[in-house]
Amino acid sequence: MPYDLKEIAAISGMPGLYRLVKPTRAGVIIEALDAKGTRSVASARNKVSLLQEISMYTQDYDQTVPLSEVFDRIYQKHGTGLALTNKSDDRDLSEFMSGIMPDYDRERVYMSDIKKLVQWYHVVSKNLEYQAPAADEDTAEEATASEEKPKAKKKATKKDEAGADEALSTAGIIPAAEETNAAGNPEAGEAKPAKKTAKKKAE
């Protein structure tokens, strides 16, 4: 994901965003998501809302968009230099929201939600590193590797039987004949016909 929000949370009664450090008996140790990174303890009574679990309503009643994806849309369109703030004009904030999420639910997403979204994005974009998705490149590399392996096996098979057996042995695959040898019948089956032929010639 572009911004890793797994440990980032908003805590009731406390301004800003925080990184969850570790739980304690009294609550959880938190670290302010800012330049100072001040640590404190949030009481178990405080409501902790993980940003990773927050979504925004769309016009489709059963569908929502994760906050991480909304942040990614903002980054793709505005980068880290978003001009708007939570104190901007309501009309500008509405236009901003329509630009990044045209199908957002105008009835269930309030202006206070949009202001909070903008405020959180400023904090996240300043203090977290944006990670560009590399899934497409990894998939392409795996596909190329899977295409090259069969070709190598075909070339080894076309050379001769000995080369093929050697290639299989190198890859950790034992041919059926070698498995028989390993079972304890190494040359018995092949040596008998040779002996019979020798007797006929001698007679």
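Residues numbered from 1 in each chain as written. Predicted model: local features only at pLDDT ≥ 70, side-chain atom pairs only at ≥ 80, totals over all residues. Heavy atoms only, no water.

Caption draft 1: Here's a closer look at the pairing of strand 3 (residues 27-32). Taken across its six residues, strand 3 has six buried, putting it largely inside the fold. In this structure, strand 2 (residues 18-23) lies alongside strand 3, joined through five bridges in antiparallel fashion. Pairing of P23 across the sheet is with V28, part of strand 3. The antiparallel pairing of strand 2 with strand 3 creates a hairpin that spans three residues between the two strands. With five bridges joining them, strand 3 and strand 4 (residues 39-43) adopt antiparallel strand pairing. Along strand 4, the bridge assignment pairs I30 with S40. Connecting strand 3 to the next strand, strand 4, in antiparallel fashion are six residues, including G37 with a positive phi near 65°. (Buried < 20%, exposed > 50% of the residue type's maximum accessible area, 1.4 Å probe, protein only. Helix = DSSP H or I, 4+ residues; strand = E, 2+ residues; numbered from the N terminus. Pairing = 2+ DSSP bridges.)

Caption draft 2: Up close: the packing of aromatic side chains. In total, this model carries five aromatic pairs according to the counting rule given. Ring centres 6.4 Å apart and planes at 85° place the aromatic pair Y3 and Y121 in the edge-to-face group. Residue Y3 is located in the segment before strand 1 (8-11), and its partner Y121 is located in helix 3 (residues 111-127); the two are separated by 118 residues in the primary sequence. Each member of the pair, Y3 as well as Y121, is classed as buried. (Phe/Tyr/Trp six-rings, centres within 6.5 Å; stacked < 30°, edge-to-face > 60°.)

Caption draft 3: Spotlight on helix 3. Counted at 1.5 Å a residue, the expected span for helix 3 with its 17 residues is 24 Å, and the 25 Å between its end C-alpha atoms agrees. Within helix 3 the residues assigned to the buried category are I114, L117, V118, W120, Y121, H122, V124 and S125. Contact partners of the buried residues in helix 3: strand 1, strand 6 (55-57), helix 1 (67-78) and helix 2 (90-100). (Expected span 1.5 Å × (residues − 1). Contact = heavy atoms within 4.5 Å.)

Caption draft 4: Molecular detail of the packing of helix 1 against helix 2. Packing of helix 1 against helix 2 leaves a shortest axis separation of 10 Å and a crossing angle of 100°. Our classification of the angle between helix 1 and helix 2 gives roughly perpendicular. Side by side, helix 1 and helix 2 meet where V70, R73, I74, K77 and H78 of the first sit next to F96, G99 and I100 of the second. Of the residues that constitute the contact of helix 1 with helix 2, the class distribution is four nonpolar, two polar and two charged. (Axes fitted to C-alpha atoms, helices over the stretch in contact; angles between N-to-C directions. Parallel < 35°, antiparallel > 145°, perpendicular 65-115°, else oblique. Nonpolar A, V, L, I, M, F, W, Y, C, P; charged D, E, K, R; others polar.)

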